[in-house]
Amino acid sequence: MDQNFTTLLWANDAGWRFWGIDNHDAANPRDFMSELNLRKKSEWRGFFKALDDLNEPTVTRCPNRTSQPAEVVTTVRVESQIDTHQIEVVTFRVLSEESFTKIETSIEATSLNNTDTLILLFDGKNNLTYRNAATIRDLPESTVTFQDLFNDPSASELLLKSIRKKGEVQVEQELNTRHGSCWHTVSLKKIVASTGNEFSVLVTANNSSRWHVAEQRAKDLAQKDSLTSLPNRAAMSAFLRELTHRKSSESYKAEFGLFFLDLDRFKIINDSLGHAAGDELLIEVANRLRHSVGEMGNVYRLGGDEFVVIFDGLAGYDELTEQAENILNGMDKPAYIADQKLRIRPSIGICTYPADGKSITEVLEHADAAMYLAKAERSGYCFFDAQMTKSHSDSSKNRLSLENDLITAMEENQLEIYYQPKISCQDLSVSGVEALLRWNHPERGMISPEEFIRIAEETNHISAIGRWVLEAAMTQQRKWHDAGLTLPIAINISAQQFHNGDLVEHVSGALKASGCEPDMVELEITESMLLGDTDQIQATLQQLSSMGIMLALDDFGTGFSNLAYLQKYPLDVLKIDRIFLADQKRSMLMGTILNMGKVLGLTVVAEGVENSVQADWLISRGCDQLQGFYFSKPLPVEEITLYLMDKCFNDNSATRSAA
Ligand code: C2E
Ligand code: MG
Ligand code: MG
């Protein structure tokens, strides 16, 4: 305060508050002395405290208009008498900016040199004028300018600009240290010199690399699939965003190809071999994909058995075909997992940007639709075409309504069994019939079992449906038997039905209810059901076999074609899938499989015989039985009964009573 007690030259914050002055610069002269006398005693305590605080720092800045650095020359002394208060006024010595820094530094030297925080001061020309002990220890001697501090050369310019504007900045930056570049939390503060425009920069920096590593790890985890170590869906979305954004702002033609990949029969493998084996298979697939794609594209795992590959800059039909073939070839050799030889077959949907989709969502949806078609057609890969989206969304809707309708199908007797004869190669007589399920949908007409059995499995309706088929087919067999047509009946068993654990019980129940003899029943299972816990499978098959039931391995050749199964389990019949007759390339193998079946003492049945050339060839090769449209399509019970009567009797008189 000045000697007249009319102007408050300096006070700390508490002091300004005490006098009720908000705007320091605008403080008008007033009679402080008389104001003091008017105040209550209790308020004086606050005032003493405020003045006491003042004794701590001995250099400061006057909070007046010039913000001049100053040294406190005289500290305040207040003497309080009973009714008089004597205040000794604080006086300042105004300092130059340079000597202020010097004094301040020396005062704080002890604390500055005992901290790990790097503290540096740069002058207006960005030259280093002060550094503390931590800085000497951690930063190289070559750090002499502000620019030398930063690993990123462009950082210093931007930061200086920003400090000039804002006065104070805090950033995460990599600093050049003696141990290489290292992340720091850096605070920069503008210190304006009294002399004019030039300003110094006070830098304090704390090493944040540990925190940075943790953050990077968290980021990695968030973008990485923990099982396969491939980048995950989040990483894919980020990359696609970058691609679509970058591409659309550049002048050259923006394009990329996207593969949507899904493994065939993965669910079966996972369910029957267990999740650990499923995981192992996924890791194998990831490795093969990485290897096949190499530097050409980026591979992601979206979850489950779904993968995506993005080929940046590659959108030509030929190039993408080559990549797809390459991936399929990479998957071709068998994988050995959980003591099993497995074939990995992916289906790939291919879509290009921007030709096939204008947005990320659209590209992914379209690749997914193409993948479904590849799966349905077993073609390995399939390019998207506009027609697909409609049929894809139709098929999703279709599936949903089928799921609902399936519940009423059983209650309203919409399920029906058709029968297809099997023909003996010896004398072309009928050697048995196969029961094939049909769903006579009230609106959609006849629905193929291939369309609804999987839905029934996934919605857990299969057990009830399977039980019904067992009993209905055996009852029919018994009816034919009673009418003099004694023919074995083959019944298909679904994977879930087989693994439920109650198959033996259901079969015995159906035998009892129908009165059918066990040796007149042949249960058809497929290879994929034989994967996994072999003890339980062995036990189930053994029990069925010892009941006198015959066991057939259906669709042989479409799955893993593992010959070991044929010896390991008590199988009686080997049914070779119709694909062997339809596919020229595979028909060569047919002869080998026929021979092998014979050697193992199995009855070999060829499926899908459609013409006399095929039939003759199979007969000449020693096949046991034939089944196919050439002899008869699957027929409803009345028609098959007529067929059987015709084939088995010369006399047609018993027709009506058998159906
Ligand atoms: P599958 O057991 O291999 O049955 C043979 C399939 O081949 C039948 O199809 C039959 O109609 C068809 N087929 C027979 N001969 C020929 C031919 O010469 N050429 C051609 N192109 N096809 C022929 P369907 O009836 O559509 O049955 C398909 C599959 O559905 C069956 O294959 C079987 O796996 C399954 N299935 C049928 N009924 C049942 C059932 O009651 N329960 C279970 N779980 N699955 C069933
Ligand atoms: Mg079958
Ligand atoms: Mg079959």
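In this text, all values refer to a predicted model and were calculated from it rather than measured experimentally.

**Examining the coordination of the magnesium ion (ligand 2)**
When four donors bind a metal tetrahedrally, each ideal donor-metal-donor angle is 109.5 degrees, and when six bind octahedrally, the ideal angles are 90 or 180 degrees. Glu434 (OE), Asn492 (OD1), Glu524 (OE) and Asp554 (OD) make up the full set of protein donors to the magnesium ion (ligand 2), lying at 2.0 to 2.2 Å. All donor residues of the magnesium ion (ligand 2) come from one chain, and their arrangement in sequence is E-x57-N-x31-E-x29-D. Between the magnesium ion (ligand 2) and the magnesium ion (ligand 3), a separation of 4.0 Å is found, and both are coordinated by Asp554. Note that Glu524 is positioned in strand β22 (residues 521–526) and Asp554 in strand β23 (residues 550–556), a separation of 30 residues in sequence. Residue classification places Asp554 among the buried residues on the basis of a relative accessible area of 6%.

**Observations concerning the sheet that holds strand β16 (residues 346–353)**
A sheet is described by the order of its strands in space; here five strands give the open sequence β12-β13-β11-β16-β17, paired in mixed fashion. Either end of the sheet is taken by a strand with one partner, and the two such strands are β12 (298–303) and β17 (381–383). For this sheet, the mean angle separating the axes of adjacent strands, direction not counted, is 20 degrees. Each of β11 (256–263), β13 (306–312), β16 and β17 touches helix α11 (residues 317–332); the most contacted strand, β16, lies at about 160 degrees to it.

**Topic: the pairing of strand β10 (residues 199–207)**
Pairing geometry for strand β6 (residues 118–122) and β10, over five bridges, is antiparallel. Along β10, the bridge assignment pairs Leu118 with Ala205. Here strand β9 (residues 180–192) runs beside β10; their pairing, made up of nine bridges, is antiparallel. Looking at the pairing, Ser187 lines up with Thr204 of β10.

**Observations regarding the pairing of strand β21 (residues 489–492)**
Here three bridges tie strand β19 (residues 430–441) to β21, and the two strands are oriented parallel to one another. When the sheet's bridge partners are listed, Ala435 is paired in β21 with Ile491. Pairing of β21 with β22 involves four bridges; the strand directions are parallel. Across the sheet, Ile491 pairs through a bridge with Leu523, a residue of β22.

**Considering the site of ligand 1**
As a matter of local geometry, ligand 1 sits amid 23 residues, with Asn492, Asp554, Arg578, Glu610 and Phe629 nearest to it. Within the backbone of Ser494, a nitrogen or oxygen atom sits 3.3 Å from a nitrogen atom of ligand 1. Contact with the protein chains removes 86% of the 790 Å² of surface that ligand 1 exposes when unbound. Sorting elements by how many residues they give to the shell around ligand 1 places β19 first, with four residues.

**A few points about the packing of helix α9 (residues 266–273) against helix α10 (residues 275–293)**
Put simply, α9 and α10 touch, their axes get as near as 6 Å, and they point 140 degrees apart. Between α9 and α10, the angle falls in the class oblique. Judged by residue contacts, Phe266, Ile269, Asn270 and Leu273 of α9 engage His275, Ala277, Gly278, Leu281 and Leu282 from α10. Counted by class, the contact of α9 with α10 contains six nonpolar, three polar and no charged residues.

**Thoughts on α11**
Residues three or four positions apart in an α-helix share a direction because the helix packs 3.6 residues into each turn. The end-to-end C-alpha separation of α11 is 22 Å, in line with the 22 Å expected for 16 residues at 1.5 Å each. Where α11 is concerned, the buried positions are Leu320, Thr321, Gln323, Ala324, Ile327, Leu328 and Met331. Taken down its axis, α11 places every buried residue within 160 degrees of arc, on the same side. Of the exposed residues in α11, the ones pointing more than 90 degrees away from its buried face are Asp318, Glu322, Asn329 and Asp332. Next to the buried residues of α11 lie β11, α10, β13, β16 and β17.

**Remarks on the confidence of the model for the protein chain**
In this model, the protein chain carries a mean pLDDT of 82, and residues with pLDDT of at least 70 account for 78%. A low-confidence stretch, residues 651–658 stays under pLDDT 50, and its non-local contacts, those more than four residues away or across chains, total twelve contacts.

**Brief notes about the pattern of salt bridges**
Here the structure, examined in full by the defined rule, presents 14 salt bridges. The salt bridge involving Arg301 is made with Asp225; its shortest N-O contact spans 3.0 Å. Of this pair, Arg301 sits in strand β12 while Asp225 sits in the loop between α7 (209–223) and α8 (233–248), placing them 76 residues apart in sequence. By relative accessible area, Asp225 is classed as buried at 12%. Taken together, the shared-partner salt bridges in this structure form one network comprising Glu434, Glu524, Lys575 and Glu607.

**Some remarks on the packing of aromatic side chains**
The geometry of an aromatic ring pair is captured by the separation of the ring centres together with the interplanar angle, meaning the angle of the planes. Taken as a whole and judged by the stated rule, the model has nine aromatic pairs. Between Phe146 and Phe150, the aromatic rings sit 5.2 Å apart at their centres with planes inclined by 70 degrees, giving edge-to-face as the arrangement. Measuring from centroid to centroid gives 5.0 Å for Phe256 and Tyr353, while their planes differ by 15 degrees, and the two rings are stacked. Residue Phe256 is located in strand β11, and its partner Tyr353 is located in strand β16; the two are separated by 97 residues in the primary sequence. Of the two residues, Phe256 and Tyr353, both sit in the buried class. The positively charged end of Lys633 is found above the aromatic ring belonging to Phe629, 4.8 Å away from the centroid.

**Focus: the coordination of the magnesium ion (ligand 3)**
The protein atoms that coordinate the magnesium ion (ligand 3) are Asp554 (OD), Asp555 (OD), Glu607 (OE) and Glu607 (OE), at distances of 2.0 to 2.5 Å. Counting gaps between the donor residues of the magnesium ion (ligand 3) yields the pattern D-D-x51-E.

**Considering unusual backbone geometry**
Here the residue pair Tyr353 and Pro354 is connected by a cis peptide bond, since its omega of 5 degrees sits within 30 degrees of zero. Residues other than glycine seldom take positive phi values, yet Asp339 does so here, at roughly 65 degrees. Its location among the elements puts Asp339 in the loop between β14 (335–337) and β15 (340–342). Of note in the backbone geometry, Asn413 takes a positive phi value of approximately 55 degrees without being a glycine. Examined against the element boundaries, Asn413 turns out to sit in the loop between α13 (387–411) and β18 (415–424). The exposure class assigned to Asn413 is exposed, which follows from its relative accessible area of 65%.

**Topic: the sheet that holds β9**
Here five strands make up an open sheet; going across it, the order is β7-β6-β10-β9-β8 and the pairing antiparallel. Edge strands, defined here as strands with exactly one partner in the open sheet, are β7 (128–131) and β8 (168–177). Within this sheet the neighbouring strands show an average axis-to-axis angle of 30 degrees, counted without direction. Two strands pair when backbone bridges link them, and β6 and β7 are joined in this way by three bridges, in the antiparallel orientation.

Rules and cut-offs
- Residues numbered from 1 in each chain as written.
- Chains lettered and ligands numbered in written order.
- Predicted model: local features only at pLDDT ≥ 70, side-chain atom pairs only at ≥ 80, totals over all residues.
- Heavy atoms only, no water.
- Donors = N, O, S within 2.8 Å, 3.2 Å for Na, K, Ca; no water.
- Helix = DSSP H or I, 4+ residues; strand = E, 2+ residues; numbered from the N terminus.
- Buried < 20%, exposed > 50% of the residue type's maximum accessible area, 1.4 Å probe, protein only.
- Pairing = 2+ DSSP bridges.
- Axes fitted to C-alpha atoms, helices over the stretch in contact; angles between N-to-C directions.
- Contact = heavy atoms within 4.5 Å.
- Near = heavy atom within 4 Å.
- Polar contact = N/O pair within 3.5 Å; in protein donor to acceptor, adjacent residues only side chain to side chain.
- Areas by Shrake-Rupley, 256 points an atom, 1.4 Å probe, with all protein chains shown as cover.
- Parallel < 35°, antiparallel > 145°, perpendicular 65-115°, else oblique.
- Nonpolar A, V, L, I, M, F, W, Y, C, P; charged D, E, K, R; others polar.
- Expected span 1.5 Å × (residues − 1).
- Arc of directions from axis to C-beta.
- pLDDT = per-residue confidence, 0-100.
- Salt bridge = Lys/Arg side-chain N within 4 Å of Asp/Glu carboxyl O.
- Phe/Tyr/Trp six-rings, centres within 6.5 Å; stacked < 30°, edge-to-face > 60°.
- Lys NZ or Arg CZ within 6 Å of the ring centre and 35° of its normal.

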